[in-house]
Amino acid sequence: MSRKVKFASTSIDVGTSIREISYLLRDVGADRFATLQDLERGRVGVQFFMRGQGIELNIDCGAIEERLETTADRKSKKGPEAAERVAFRLLLNWLANNFELVRWGVFDVMEAFLPYMVLPTGQTVREVLIQTTPEGTKRLALPAAPGAKPDVAP
């Protein structure tokens, strides 16, 4: 038995999702809000500021489009527009759930959004700490401790 993939058959347009995200961010006290679209890499996302700190969330629409093509849900809409609709619904859902954890005191904003905080270089903490090997494996890339010897294979 296959499970239905959440939002796979959403018909809610991107504009509606973006408005709902902006209302949520206004409600939680975000300073600024913008949508992001990387046409070259096929990514969409949002950027907002909490207490002056930039936070950026991006989703690969190509990965969503692939998943929509293989989903067992026959009602699922397919193609790049459908992937973008799903991406913004996922962003809204993720933000709403994380801000609910903040409201309940489970996490503070820093803890909930640390991987997505934008550094002065323009990269997010996540982009700096997680690197992809040539084989496609994601690895944690922490800097060496001062004075530590580099890892050497035996």
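In this report, the structure presented in the accompanying data block is examined.

About the cut-offs
- Residues numbered from 1 in each chain as written.
- Predicted model: local features only at pLDDT ≥ 70, side-chain atom pairs only at ≥ 80, totals over all residues.
- Heavy atoms only, no water.
- Helix = DSSP H or I, 4+ residues; strand = E, 2+ residues; numbered from the N terminus.
- Contact = heavy atoms within 4.5 Å.
- Core = buried A, V, L, I, M, F, W, Y, C linked by side-chain atoms within 4.5 Å.
- Buried < 20%, exposed > 50% of the residue type's maximum accessible area, 1.4 Å probe, protein only.
- Pairing = 2+ DSSP bridges.
- Axes fitted to C-alpha atoms, helices over the stretch in contact; angles between N-to-C directions.
- Parallel < 35°, antiparallel > 145°, perpendicular 65-115°, else oblique.
- Left-handed = near helix turned anticlockwise from the far one by under 90°.
- Nonpolar A, V, L, I, M, F, W, Y, C, P; charged D, E, K, R; others polar.
- Patch = residues over 30% accessible without salt bridge, like charges linked within 9 Å, V, L, I, M, F, W, Y side chains within 5 Å.
- Areas by Shrake-Rupley, 256 points an atom, 1.4 Å probe, with all protein chains shown as cover.
- Salt bridge = Lys/Arg side-chain N within 4 Å of Asp/Glu carboxyl O.

A closer look at the overall build of the chain
Moving on, step 1. Check the secondary structure of the chain and you find 5 helices and 5 strands.
Moving on, step 2. Reading the helices (α) and strands (β) of the chain from amino to carboxyl end gives α-β-β-β-α-α-α-α-β-β.
Moving on, step 3. In terms of its C-alpha atoms, the chain occupies a principal-axis envelope of roughly 55 × 40 × 35 Å.
Moving on, step 4. In the chain, of all internal contacts separated by at least 6 residues, the share reaching a separation of at least 24 is 44%.

Some details on the nonpolar core
Moving on, step 1. Ranked by internal contacts, the top residues of the largest apolar core, which has 30 residues, are Ile21, Phe48, Leu95, Phe99 and Phe113.
Moving on, step 2. Elements represented by at least two residues in this core include exactly α1 (14–28), β2 (43–50), β3 (53–60), α2 (61–70), α3 (80–103) and α4 (109–113).
Moving on, step 3. The greatest single-element share of this core, amounting to 9 residues, is contributed by α3.
Moving on, step 4. Ignoring sequence-local partners within four residues, the contact set of phenylalanine 99 consists of Leu24, Leu25, Val28, Phe48, Met50 and Phe113.

Some remarks on the sheet that holds β2
Moving on, step 1. With antiparallel pairing, the 3 strands of this open sheet are ordered in space as β1-β2-β3. The sheet is open, and its two edges are formed by β1 (32–38) and β3, each paired on a single side. In this sheet, neighbouring strand axes are inclined to one another by 20° on average, regardless of whether the strands run parallel or antiparallel.
Moving on, step 2. Pairing geometry for β2 and β3, over 8 bridges, is antiparallel. The residue of β3 that forms the bridge with valine 46 is leucine 57.
Moving on, step 3. Sheet contacts for α2: β2 and β3; angle to β3, the most-contacted strand, approximately 35°.

Structural notes on the packing of α1 against α3
Moving on, step 1. Packing of α1 against α3 leaves a shortest axis separation of 9 Å and a crossing angle of 15°. By the angle between their directions, the pair α1 and α3 is classed as roughly parallel. When the axes of α1 and α3 are compared, the crossing they make is left-handed. Packed against α1, whose contacting residues are Val14, Ser17, Ile18, Glu20, Ile21, Leu24, Leu25, Asp27 and Val28, the element α3 presents Glu84, Arg85, Phe88, Arg89, Leu91, Leu92, Leu95, Ala96, Phe99 and Arg103 at the interface.
Moving on, step 2. Among the residues forming the contact of α1 with α3, the class breakdown is 12 nonpolar, 1 polar and 6 charged.

Observations concerning the environment of glutamate 84
Moving on, step 1. Along the chain, the position of glutamate 84 falls in helix α3.
Moving on, step 2. When the C-alpha atoms of glutamate 84 and valine 44 are compared, they prove to be 7.4 Å apart, with 40 residues separating the residues in sequence.
Moving on, step 3. Setting aside residues no more than four positions away along its own chain, glutamate 84 makes contact with Val14, Gln37, Val44 and Cys61.

Quick look at a nonpolar patch on the surface
Moving on, step 1. Together, Leu101, Trp104, Val106 and Phe107 line one region of the surface with nonpolar side chains, adding up to about 420 Å² of accessible area.
Moving on, step 2. With respect to the element layout, leucine 101 can be found in helix α3.
Moving on, step 3. Taking relative accessible area as the criterion, leucine 101 reaches 31% and is therefore assigned partly exposed.

Here we look at the environment of alanine 8
Moving on, step 1. Looking at the secondary structure, you find alanine 8 in the segment before α1.
Moving on, step 2. Residue classification places alanine 8 among the buried positions, given a relative accessible area of 3%.
Moving on, step 3. Placed 59 residues apart in sequence, alanine 8 and arginine 67 show a C-alpha to C-alpha distance of 8.8 Å.

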